[in-house]
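Here is what each chain is made of, one letter per residue.
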Amino acid sequence: LTFSGGEISALKRRGLPDALAADLDAVKAGKIAELPAAERLDADTAKSLYSALTSTGLISGPWDTFAYYLGQQTNPKPKRPKTPLSWHRSGALFAYFARRISERTQPGGYGYTIREKPLCLAFGWTDRQRVNDIRPEIQKVRNGHRPKDYAQIDIIFNTL
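Chemist: Hey, could you run me through the nonpolar core in this one?
Modeler: Here is a general trend for soluble globular proteins: nonpolar side chains tend to be buried in one another's company. Ranked by size, the top nonpolar core spans 34 residues in total, and within it F66, W87, F94, F97 and F123 carry the most contacts. Listed by contribution, the elements that provide at least two residues to this core are helix 3 (43-55), helix 4 (63-70), helix 5 (91-105), helix 6 (116-122), helix 7 (127-142) and helix 8 (150-158). Residues within four places of W87 in sequence aside, it is in contact with L58, I59, L93, F94, F97, F123, W125 and I153.

Chemist: Please explain empty space enclosed by the protein as it appears in this structure.
Modeler: With a probe scaled to a water molecule rolled over the atoms, the places where space remains empty come into view. For the structure on display, the rule yields one cavity of 30 Å³ or more. Approximately 30 Å³ is the volume found for the largest cavity. Looking at the largest cavity, the residues that line it are L35, E39, I101, S102, T105, Q106, R115 and L119. Take the lining of the largest cavity: its biggest share by element is three residues, from helix 5. Counted by class, the lining of the largest cavity contains three nonpolar, three polar and two charged residues.

Chemist: Looking at this structure, I do not really get unusual backbone geometry. What am I missing?
Modeler: Peptide bonds are mostly trans, and most non-glycine residues show a negative phi. For D149, which is not glycine, the phi dihedral falls at a positive 70 degrees. Structurally, D149 is set in the loop between helix 7 and helix 8.

Chemist: Can you walk me through the side chain of R99 in this structure?
Modeler: With respect to the secondary-structure elements, R99 resides in helix 5. Within polar-contact distance, the side chain of R99 engages the side chain of Y112 at 3.1 Å.

Chemist: It is not clear to me how helix 4 should be interpreted in this structure. Could you clarify?
Modeler: In an α-helix, one turn spans 3.6 residues, which is why side chains three or four residues apart end up on the same side. Residues of helix 4 that are buried include every one of T65, F66, Y68, Y69 and L70, and no others. An end-on view of helix 4 places all buried positions within 165 degrees of arc, on one side of the element. Its buried side turned inward, helix 4 meets helix 3, strand 1 (59-60), helix 5 and helix 6.

Chemist: For this particular structure, what's the right way to read the environment of L11?
Modeler: Mapping L11 onto the fold places it in helix 1 (residues 5-13). Looking at L11, the relative accessible area reads 32%, which means it is partly exposed.

Chemist: I tried to follow the pattern of salt bridges on my own but got confused; where do I start?
Modeler: One pass over the full model with this rule turns up nine salt bridges. The salt bridge partner of R130 is E116, with a shortest N-O separation of 2.9 Å. With R130 in helix 7 and E116 in helix 6, this residue pair connects regions lying 14 residues apart in the sequence. For R130, a relative accessible area of 8% puts it in the buried group.

Chemist: Would you mind showing me how to read the packing of aromatic side chains here?
Modeler: Tallied over the full model, the rule gives 13 aromatic pairs. Relative to Y69, the ring of Y68 lies with its centre 5.0 Å away and its plane at 90 degrees, an arrangement referred to as edge-to-face. Of the two residues examined, Y68 and Y69, each falls in the buried class. Look at W87 and F123: their rings are 5.8 Å apart centre to centre, the planes differ by 90 degrees, and that puts the pair in the edge-to-face class. One end of the pair, W87, is in strand 2 (residues 86-87); the other, F123, is in the loop between helix 6 and helix 7, with 36 residues separating them in the sequence. For W87, a relative accessible area of 11% gives the class buried. An aromatic cluster of three or more residues is present, and its members are W87, F94, F97, F123, W125 and F157.

Chemist: How do you make sense of the packing of helix 5 against helix 7 when you look at a structure like this?
Modeler: Packed helix pairs are characterised by how far apart their axes lie and by the angle those axes make with each other. Between helix 5 and helix 7, the shortest axis-to-axis distance is 8 Å and the interhelical angle comes to 60 degrees. As judged from the angle between their axes, helix 5 and helix 7 are oblique. Of the two elements, helix 5 crosses helix 7, and the hand of that crossing is right-handed. Within the contact between the two elements, helix 5 uses G91, A92, F94, A95, Y96 and R99 and helix 7 uses I134, E137, I138 and V141. Residue composition of the contact of helix 5 with helix 7, by class: seven nonpolar, one polar and two charged.

Cut-off values and rules
- Residues numbered from 1 in each chain as written.
- Predicted model: local features only at pLDDT ≥ 70, side-chain atom pairs only at ≥ 80, totals over all residues.
- Heavy atoms only, no water.
- Core = buried A, V, L, I, M, F, W, Y, C linked by side-chain atoms within 4.5 Å.
- Buried < 20%, exposed > 50% of the residue type's maximum accessible area, 1.4 Å probe, protein only.
- Helix = DSSP H or I, 4+ residues; strand = E, 2+ residues; numbered from the N terminus.
- Contact = heavy atoms within 4.5 Å.
- 1 Å grid on protein atoms, 1.4 Å probe; cavity = no way out; pocket = protein on both sides within 12 Å on 5 of 7 lines; lining within 4 Å.
- Points joined across faces, edges and corners; volume = space filled by probe spheres on them.
- Nonpolar A, V, L, I, M, F, W, Y, C, P; charged D, E, K, R; others polar.
- Polar contact = N/O pair within 3.5 Å; in protein donor to acceptor, adjacent residues only side chain to side chain.
- Arc of directions from axis to C-beta.
- Salt bridge = Lys/Arg side-chain N within 4 Å of Asp/Glu carboxyl O.
- Phe/Tyr/Trp six-rings, centres within 6.5 Å; stacked < 30°, edge-to-face > 60°.
- Axes fitted to C-alpha atoms, helices over the stretch in contact; angles between N-to-C directions.
- Parallel < 35°, antiparallel > 145°, perpendicular 65-115°, else oblique.
- Left-handed = near helix turned anticlockwise from the far one by under 90°.

Written out as structure tokens, the structure reads:
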């Protein structure tokens, strides 16, 4: 059974007992945001994407870190890396990348959800940066804005 933060808030507004609301908030606070298993890249696609992103200088960081955050997980799940990946371009271009990877990993014709929190965690953006810097850029991308150098990301995703 899973609840999103929005669903927990809706339950609170409908009169969820305070003790249960506090327990749900405690569980939510201790959870580390990550991509759902169905939205993770298979090994070949992850390696191709990592290679393309690092060779163009968009990101840096070890392959194991990239695989941990964006690739399929093995059982048992590996330990979380101590240092995240690094994004070397603008927040606007990161927002466009987040859109493209969300489109790629969420097939189905019903739209997609940009998983901003786990993607920002993978690249070391703090919650404050995510809310103040990245989220507005994601909204611009949703409204059709294309940042400078967006074609570079399009080429990478079109060749996967």
